[in-house]
Amino acid sequence: MIIVLKPNTSKEQLILFKASLEEKYNVTVNTWVGVESTVLGLIGDTTQIDEDWISAQEIVESVKRVQEPYKKANRKFHPDNTVIELPTGQKIGDGNLCIMAGPCSVESEEQINYVAERVKSAGAAFLRGGAFKPRTSPYSFQGLKSEGLDLLKGARKATGLPIVTEIMSSAHIDMFEGIDIIQVGARNMQNFELLKQLGKIDKPILLKRGLANTIEEWIMSAEYIMAGGNNKVILCERGIRTYETATRNTLDLSAVPVVKKLCHLPVIVDPSHATGKSWLVEQMSLAAVAAGADGLMIEVHNDPKHALSDGAQSLTPDKFDEVARKVFALKKAYDEIMSNG
Ligand SMILES: [Mn+2]
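All figures in this text were calculated on a predicted structure; none of them were measured in a lab.

Calculation rules
Residues numbered from 1 in each chain as written. Predicted model: local features only at pLDDT ≥ 70, side-chain atom pairs only at ≥ 80, totals over all residues. Heavy atoms only, no water. Donors = N, O, S within 2.8 Å, 3.2 Å for Na, K, Ca; no water. Helix = DSSP H or I, 4+ residues; strand = E, 2+ residues; numbered from the N terminus. Buried < 20%, exposed > 50% of the residue type's maximum accessible area, 1.4 Å probe, protein only. Core = buried A, V, L, I, M, F, W, Y, C linked by side-chain atoms within 4.5 Å. Contact = heavy atoms within 4.5 Å. Pairing = 2+ DSSP bridges. Right-handed = clockwise from strand over helix to strand, strands pointing away. Phe/Tyr/Trp six-rings, centres within 6.5 Å; stacked < 30°, edge-to-face > 60°.

1. Focus: the coordination of the manganese ion
Looking at the metal site, the manganese ion is ligated by Cys104 (SG), His273 (NE2), Glu299 (OE) and Asp310 (OD), spaced 2.0 to 2.4 Å from it. Mapping the donors of the manganese ion onto the primary sequence yields the spacing C-x168-H-x25-E-x10-D. Of this pair, Cys104 sits in the loop between β7 (98–102) and α3 (109–122) while His273 is found in helix α8 (residues 271–275), placing the two residues 169 residues apart along the sequence. Grouping residues by exposure puts Cys104 and His273 together as buried.

Below is the structure:
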């Protein structure tokens, strides 16, 4: 971290400020005294330094961070990929392509069980399904809530597929006890109180990127969960909001290699919410594999035309069979190409 001091800083002020930095943050401070201004270079673990506190000091002209503000999620301090393993044996981030598929919303026992069977036979490793739905309109279907969680558990019992579902409030954590992977949706990516609570539990958390958040903000949200002691975080790129209106969001596929360079956590891609259009899901799924994603999260509905949410972006089970076949074939070819250099 580099701190530029104002030109009129006195020697006494400089000595006091340096001492306070060293004491407060346990860092070494190097000083360069120039003709016009003095520059301080902070060496050591700067992740916990409060930039605002430094900027607020009377003698400080500007402050610039040269190291990432996150530590536990940082690949520099953890060069190996994190592999998340479920008690039931499924792994995410071990080099295999992990597909999570299912309807946007759990609608009925019949629906979720049918979709679960179909996605399982196509090769999905996880069943997804929303019980608590964050909808833009308060008048839209809000999900079956605890009944939806029970239906997901029933589908897990019938198929053996572990379940992924979204939590919307830290007040619901106890209800999610029996869920295999807890999803934090895009709109809650910076719900820091929720992230802190999820940091205290021992369960994988699937953290979607916020619709208007930078990669650094996204990794900082993962850091919130990890700072509490829970290192099992899976990141999910689901498109960001841009000026483009042809798709629901803009799928930021370059985020996959960028995040994987900065961070050791697995990264998956959700082409359904990213594009909002079922006909785009196949190509964007293939592109995500080529971008190096560890997995995909795809919406599949038994009857998309009558879905209670996100029907336009949902695949039919037949179409999902085809997409899954193609992505697994591409993944095999991709691994071969990459291993041959
Ligand atoms: Mn959805």
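That was the structure; now back to the text.
2. So, the nonpolar core
Counting residues in hydrophobic clusters, the biggest one holds 64 residues, and the most contacted among them are Val119, Leu127, Leu207, Leu235 and Phe320. Among residues more than four places away in sequence, those in contact with Val119 are Ala101, Gly102, Ala124, Leu127, Leu161, Val300 and Phe320.

3. Some thoughts on the pairing of strand β11 (residues 205–208)
The side-chain alternation of β11 yields two buried faces, one formed by Ile205 and Leu207 and the other by Leu206 and Lys208. Where strand β10 (residues 181–184) and β11 come together, three bridges link them in parallel fashion. Bridge pairing in β11 links Val184 to Leu207. As a crossover connection, the stretch from β10 through helix α5 (residues 192–198) into β11 is right-handed. Handedness of the crossover joining β11 and strand β12 (residues 233–237) through helix α6 (residues 215–227) is recorded here as right-handed.

4. A word on the packing of aromatic side chains
Inspection of every chain in the model, using the stated rule, returns four aromatic pairs. Seen from their ring centres, Tyr25 and Trp53 are 6.1 Å apart, and the 70 degrees between their planes marks the pair as edge-to-face. Of this pair, Tyr25 sits in helix α1 (residues 11–25) while Trp53 sits in helix α2 (residues 51–55), and the two are 28 residues apart along the sequence. Judged by its relative accessible area of 14%, Tyr25 is buried. Residue Trp53 is classed as partly exposed on the basis of its relative accessible area, which comes to 23%. Centre to centre, the rings of Phe132 and Phe176 are 5.9 Å apart; their planes meet at 35 degrees, and the pair counts as tilted.

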